[in-house]
Amino acid sequence: MARTTPTFTPVGKYALAIILSFFLLISDINYQVFSSARGFVQATGIYGLLIIDSVTSNITKFNVIHKDKQKLMKINKDLKNQLSILRNIVFLEKKSQVLASDLINLQGEILTLSQAKETFIFEIASFGLKNYLCCSSHTLYLQNPQKLKVSANLPVANGNSFIGQTSSLDINLIKVILFSDIEHILPVKINNFFCNAKGAGKPLRITCTVIKSPEFLKIRNNDPVFTSGLGGVFPRNISIGRVININNSVSNESKITIALDASPLESNYFGVLINL
Amino acid sequence: MKLSHHFIIFITIFAGFWIDEWISEFNIREYIFLADNIPYLIETSIGFLIFCYWVYAMPEKLHSSAALIHGLIIDLCFGSAVGFHMLFFVSISYIIHVYVFRFRIFSYFQLIIFFGTAAVFYLACKYLIFFPTNYSYLLLIFSFLVNSAAWLPIYFGMRSFRRTFLK
């Protein structure tokens, strides 16, 4: 009964397929007709497996390297943190040492500045230009609207350098005697040579009359001139000008001409250090 | 039948032949001292049995052309000569198609005997054609036992697979 159940089994197609298969098999066994095609397909499969194996091994290798790298990164991070801590410790130790040194220096400065000073700015009231250009008296007056008690012998600056010192307080006008005034004497230092520079009576000029000495012989033109601080009015080591002429006479005395840097004509406001 | 279904069927057949290759590479004689001098005893035909299952399960969808193409690709990938698997696939396909409804009333044991015998015949021809020096009756007997035992797992496994992926 089951055998007679209708099924579609085309005998001709199967016979043809069997004959074709048989023909191919005989031709391939005897003449190797399809060996190249078969070899190509099988080689492709082998290459596929090799590629898969290579990819797998590379992924495994990458994972191992990644894990190692992560470990190294962790170690690196820990070392960086430790280094940062050590740097901070060293820095703080250094700073504490510097701070201690600063405190020591500050104590010295506090002792020095026991007399507190403060800078006040004053506007010019009058300038004796005629005398300044022609004559030996070089003075100017500053306004004092706040009526501050300004004593004599206080340094006066024009913003670049010192130009002179206070002389007196005349009806709330502060009289200032300039360095170039013939009556003004300023202790100066040229290299290691010290002298008292008098006003030359000419604009921006002061002179030192000195006895020749080994230190004097080392002075050259354009050598810078600094305040020596020995007069007790100006602080020391403030640049005020440079040497422009050295008059070597036959006698033991010589005259050094100094050109000042700060001109009183260049400014209308002047600062004065006042003792509080 | 859709082309994708043919592709799925071929993948299962290909996997069966790949498993056969993998098993044949496992040399049990290396692990048994006394078996070192005896010939090769077992050859599985899982791929061939899977093809038989597909024809048995869906005879109306797998005809001579499908058997021919599947056999050609398997020959190219696994065979020693083009035409061998084509010939056997077409032949077994024809036999199953002719007796498919008779097989439906067979018991599992009868099916085991039939497909086990078919697998052994396939192996015998294979050894006679390609490896005549390795041909032995012991090989055929043990292979018959193994392939017969493999039929039922293949049958139920592939049926479950078919009902899942080829509805």
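Up top is the structure.
Residues numbered from 1 in each chain as written. Chains lettered and ligands numbered in written order. Predicted model: local features only at pLDDT ≥ 70, side-chain atom pairs only at ≥ 80, totals over all residues.

Our next topic: the overall build of chain B. From N to C terminus, chain B includes 6 helices and 0 strands. Helices and strands in chain B line up, N terminus first, as α-α-α-α-α-α. In chain B, 74% of the contacts between residues at least 6 apart in sequence involve partners at least 24 apart. (Helix = DSSP H or I, 4+ residues; strand = E, 2+ residues; numbered from the N terminus. Contact = placed C-beta atoms within 7 Å.)

Residues and elements named next belong to chain A. Taken in spatial order, the 6 strands of this closed barrel run β6-β7-β8-β11-β10-β9, and their pairing is antiparallel. Strand-to-strand, the axes of this sheet are offset by a mean angle of 40°, without reference to chain direction. Where strand β7 (residues 193-199) meets strand β8 (residues 205-211), 2 bridges bridge the pair, whose relative direction is antiparallel. Counterpart to K198 in the pairing with β8 is T207. (Pairing = 2+ DSSP bridges. Axes fitted to C-alpha atoms, helices over the stretch in contact; angles between N-to-C directions.)

Here we come to the packing of helix α2 (residues 46-57) of chain B against helix α4 (residues 84-104) of chain B. All names here are of chain B. Where α2 meets α4, the axes come as close as 9 Å, and the angle between the chain directions of the two elements is 45°. Looking at the two axes, α2 sits oblique to α4. Considering only the axes of α2 and α4, their crossing is right-handed. Across the interface between the two elements, F51, C52, V55 and Y56 of α2 pack against F89, I92, S93, I96, V100 and F103 of α4. (Parallel < 35°, antiparallel > 145°, perpendicular 65-115°, else oblique. Left-handed = near helix turned anticlockwise from the far one by under 90°.)

In this assembly, 21 residues from chain A lie in contact with 22 residues from chain B. When residues of the side of chain A that touches chain B are traced back to their parent elements, those giving at least two are α1 (11-31) and α2 (35-112) of chain A. Among the elements that make up the side of chain A that touches chain B, the one with the highest residue count is α1(A) (10 residues).

Right, let's get into helix α1 (residues 3-25) of chain B. Over its 23 residues, α1(B) runs 33 Å from end to end, which matches the ideal 33 Å to within 8%, given 1.5 Å per residue. Taken as a whole, α1(B) has its buried residues at B:I9, B:I13, B:G16 and B:F17. (Expected span 1.5 Å × (residues − 1). Buried ≥ 20, exposed ≤ 12 C-beta atoms within 10 Å, placed from the backbone.)

Core analysis: the largest hydrophobic core is formed by 46 residues, its most contacted members being B:L49, B:C52 and B:V90. It is α2(B) that provides the largest number of residues to this core, a total of 10 residues. Excluding residues that lie within four positions of it along the chain, B:L49 makes contacts with B:F115, B:A119, B:N147, B:A150, B:W151 and B:I154. Membership of the second largest hydrophobic core comes to 32 residues, among which are A:L142, A:I177, A:I206 and A:L260. (Core = buried A, V, L, I, M, F, W, Y, C linked by C-beta atoms within 7 Å.)

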